[in-house]
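Read off the chains here:
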Amino acid sequence: MRTTGQARSELAVVGAEPFVRIVGVEKVFSSRTRAALKALDNISLDIAAGEFVSIVGPSGCGKSTLMMLVSGLIPTTRGEIVIETSKVNRPYANLGIVFQRDALLEWRTVLDNVLLQADIRHLDRRKLTPTAVDLLARTGLAGFEKYYPWELSGGMRQRVAICRALLGNPSLLLMDEPFGALDAMTREQMNLDLQRIWLQDRETVLFITHSISEAVFLSDRVIVMSPRPGRIAADIRIDLPRPRKLSMREESSFGRYVAGIRETFQSFGLLKED
Amino acid sequence: MAMPSVPAGTPDAAELAPLGSRASSSYLYPLIATVVLFAVWELATRFGNISPLILPAPSKILATAVDHFPVLMRMSAVTAYEFVLGFGLAAVIGLPLGALIVYSRPIEMTFYPMLVAFQTIPKAAIAPIFIVWLGTGIMSKVLIAFAISFFPIMVDTIIGLRSSQPETVYLVRAMGGTPYQVFRHVRFPNALPAIFGGLKVASTLAVIGAIVGEFVSSDTGLGYLLLVANGELDTRLVFACVLVLTLLGLAFFFAIEAMEKVFVRWHVSARQAEAAASGE
């Protein structure tokens, strides 16, 4: 539990081979009725095992597209993505995924939603049920196993979606603006909860967000993307001790990271101040 | 003016009105409306200057229905058999065809325009052709009931299967799910509310189809009995036939709605009904 930023970066160095390698990736969406749209241009990025990496960028810069490419759900136009040792051409086996919309299946109870993976992968539900119950308890949802999604608040629903992604103890967790639809207070709590879970499990995380301070708060590294076609504009290592506290956001070291990222945004001609 | 039948209904209504938010209200309101409608009808026929040949009193219609109970039951059995079978056929063909159209572009391009074109043909206009093909027996009525109730089932299946949230599909695919698993765990359950919408519309249309078929040519069924009664100027029996037909259609509709309640308890429509029932 008591891990400092120092130990974290050492851990990242130990794994010589990156866990995820994105090499020269380009994505063009072509359509018969509209002009081809270049979403991503020459993206190269290495992510170490156990690293928490956030991607921030203006709307439409291709952040979500990059995540979809890493998930293996859509193919790259050029370049390749390697997870562990194998090239991605279908979803990586040990993957957890969380979207902005919780995508809960309304006809399943909370517990059955978390156990979805068991049904898809033909695993033994009885063996996984204690794991699912435990995950729900860790995210403050103990006692809600038999509830249906419509009986829960937005924050609770997203917690269920996170539990569902964590069920198989994934080594790679992809999160596409998971807290974007939540109110500010719930969002802060979710940030704390996610940090706590990650400090325990240490999965590799690729986290997409609009919020600069959320990215700094959660990440080992923040990748800043340029407007479309998305390129990597900055790659910033966040050396702040963990576990991080909400009060750290008022400290100058935290503020410097946020200011640095904001300046990168301003260099794109975004966030204009008169 | 003396009102022999209305006071029987009104004190009850006044007494029960404060309980409007209770579960009983879902039965109470339609019950009151029905009682009032029939009371007005009864009074109009008794005290208004209306010939019983044009509009018989509800009490007379009910008496006729009781008198003719055995024949009405026999005829009902025939008509019910026709529309249930026609509806069943429409479901058995409409559902898979809807799914095929969603999953196969070539099948969609080949059949969909043809099916839409067929839908625009008034079924009553081609009913005589079905009689020529299949004879005056039951099968021609089954076919008409099928033809008229098939389209909403197919269209609502298509709409339902296409309305999944993309993220839910991605999720199952990211777990290594096959297209069949995406169908079984996401698309199909998600489509059920729409499918039941189609089935409910189709259930009422199937009844119409069976009657249209019987009108064109038959020697049995409620539609046949209705025509015979009409020919004999037995307006009471005509209305008795309509009454029984209405009850049959209602029973069929509610049977499907009961199935829907079992299969899609989770849906918004069911939740609202549940919330209303529990007084929230």
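Residues numbered from 1 in each chain as written. Chains lettered and ligands numbered in written order. Predicted model: local features only at pLDDT ≥ 70, side-chain atom pairs only at ≥ 80, totals over all residues.

Q: How should I be thinking about the overall build of chain A in this particular structure?
A: A tally of helices and strands in chain A yields nine helices and 10 strands. A compact globule built from 274 residues should have a C-alpha radius of gyration of about 19 Å, and chain A, at 19 Å, falls within 12% of that. Dimensions of chain A along its principal axes, counting C-alpha atoms only, are 50 × 50 × 40 Å. Counting all 274 residues of chain A, 39% fall into the buried class. Residue pairs in contact within chain A that sit at least 24 positions apart in sequence constitute 70% of those at least 6 positions apart. (Helix = DSSP H or I, 4+ residues; strand = E, 2+ residues; numbered from the N terminus. Rg over C-alpha atoms; globule rule 2.2 N^0.38 Å. Buried ≥ 20, exposed ≤ 12 C-beta atoms within 10 Å, placed from the backbone. Contact = placed C-beta atoms within 7 Å.)

Q: Teacher, can you tell me more about the confidence of the model for chain B here?
A: In low-pLDDT segments, the atomic positions of the prediction should not be examined closely. Residue and element names in this part refer to chain B. Per-chain confidence: chain B averages 88 in pLDDT, with 87% of residues scoring 70 or above. Here helix α1 (residues 6-16) stands out as the element of chain B with the lowest mean pLDDT, 43, in contrast to helix α4 (residues 69-103), whose mean of 96 is the highest. The model gives residues 1-20 a pLDDT under 50, and that stretch makes 11 contacts with residues more than four places away or in other chains. Across the interfaces of the predicted complex, the ipTM metric reaches 0.87, alongside a pTM of 0.83. (pLDDT = per-residue confidence, 0-100.)

Q: Would you explain the sheet that holds strand β5 (residues 86-87) of chain A in this entry?
A: By definition, the strands of a sheet pair up through backbone hydrogen bonds, in either a parallel or an antiparallel sense. An order of β2-β1-β4-β5 (chain A) is seen for the four strands of this open sheet, with the pairing classed as antiparallel. Looking at which strands have only one partner, the edges of the open sheet turn out to be β2 (37-47) and β5 of chain A. (Pairing = 2+ DSSP bridges.)

Q: Before we go on, may I ask you to explain the sheet that holds strand β6 (residues 95-98) of chain A in this structure?
A: All names here are of chain A. A sheet is described by the order of its strands in space; here six strands give the open sequence β6-β7-β8-β3-β9-β10, paired in mixed fashion. What marks the edges here is a single partner per strand, and that holds for β6 and β10 (232-237). Within the sheet, the average angular offset between the axes of one strand and its neighbour, ignoring direction, is 15°. Examined bridge by bridge, strand β7 (residues 172-176) and strand β8 (residues 204-209) share five bridges and lie parallel to one another. Along β8, the bridge assignment pairs D176 with I208. Its contacts with the sheet put helix α6 (residues 154-166) on β6 and β7, and the angle it makes with β6 is roughly 165°. (Axes fitted to C-alpha atoms, helices over the stretch in contact; angles between N-to-C directions.)

Q: In this structure, what is going on with the interface of chain B and chain A? I would like to understand it.
A: One widely used convention gives an interface's size as the accessible area the parts lose upon coming together. Opposite the 17 residues of chain B that make contact, chain A presents 18 residues. For the side of chain B that touches chain A, the secondary structure elements donating two or more residues are α8 (166-174) and α9 (179-216) of chain B. With seven residues, α8 of chain B is the single largest residue contributor to the side of chain B that touches chain A. A per-class count over the side of chain B that touches chain A returns eight nonpolar, six polar and three charged. (Nonpolar A, V, L, I, M, F, W, Y, C, P; charged D, E, K, R; others polar.)

Q: Explanation requested: the nonpolar core in the structure shown.
A: One recurring pattern in soluble globular proteins is that nonpolar side chains are buried together. Among the nonpolar cores identified, the biggest contains 78 residues, and V70, V114, C163 and L174 of chain A are the most heavily contacted of them. Per-element tally for this core: the top contributor is α6 of chain A, with six residues. Discounting chain neighbours no more than four positions away, the residues touching C163 of chain A are V114, A132, L135, L136 and T139 of chain A. F151, A194, A202 and C241 of chain B belong to the second largest nonpolar core, which has 51 residues in total. (Core = buried A, V, L, I, M, F, W, Y, C linked by C-beta atoms within 7 Å.)

Q: Any chance you could explain unusual backbone geometry here in plain terms?
A: All names here are of chain A. In this structure, the amide linkage connecting R228 to the following residue, P229, adopts the cis form with an omega of -5°. P243 follows R242 through a cis peptide bond whose omega is -5°. Residue placement: P243 occurs in the loop between β10 and α9 (252-267). Its identity as a non-glycine residue notwithstanding, E84 has a phi of 55°, on the positive side. Residue class for E84 comes out partly exposed when judged on the 15 C-beta atoms lying within 10 Å of it. Positive phi values are uncommon outside glycine, yet N169 reaches one of about 50°. Tracing the chain through its elements places N169 in the loop between α6 and β7. The exposed category is assigned to N169, around which 11 C-beta atoms lie within 10 Å.

Q: What is the right way to read helix α11 (residues 235-263) of chain B from this model?
A: The α-helix winds at 3.6 residues per turn, so residues separated by three or four positions along the chain end up facing the same way. Residues and elements named next belong to chain B. Along its 29 residues, α11 runs 42 Å from first to last C-alpha, staying within 8% of the 42 Å computed at 1.5 Å per residue. Turning to α11, its buried residues number three or more, namely R236, L237, V238, F239, A240, C241, V244, L245 and E260. Structurally, α11 contributes buried residues whose contacts are with α3 (58-67), α4, α9 and α10 (222-231). (Expected span 1.5 Å × (residues − 1).)

Q: Before we go on, may I ask you to explain the pairing of strand β4 (residues 78-83) of chain A in this structure?
A: Both faces of the sheet carry side chains from a regular strand, because those side chains alternate between them. Residues and elements named next belong to chain A. Pairing of strand β1 (residues 20-29) with β4 involves five bridges; the strand directions are antiparallel. If you follow V23 over to β4, its bridge partner there is E80. Where β4 and β5 come together, two bridges link them in antiparallel fashion. By the bridge assignment, V82 is partnered in β5 with K87. Connecting the antiparallel pair β4 and β5 is a turn made up of two residues, with E84 showing a positive phi of about 55°.

Q: Could you clarify how one ought to interpret α9 of chain A in this entry?
A: Residues and elements named next belong to chain A. For α9, built from 16 residues, the straight-helix expectation of 22 Å at 1.5 Å per residue is met to within 8% by its first-to-last C-alpha distance of 22 Å. Taken as a whole, α9 has its buried residues at Y257, I261 and T264. End-on view of α9: buried residues confined to an arc of 50°, all on one side of the axis. Exposed positions of α9 whose direction lies more than 90 degrees from the buried face are S252, R256, A259, E263 and Q266. (Arc of directions from axis to C-beta.)

Q: What exactly am I supposed to notice about the pairing of strand β9 (residues 221-225) of chain A here?
A: All names here are of chain A. With four of its five residues buried, β9 lies for the most part within the structure. Here four bridges tie strand β3 (residues 52-56) to β9, and the two strands are oriented parallel to one another. Looking at the pairing, V56 lines up with V224 of β9. Bridging between β9 and β10 involves five bridges; their strand directions are antiparallel. Considered in β10, the bridge of I223 is made with D235.

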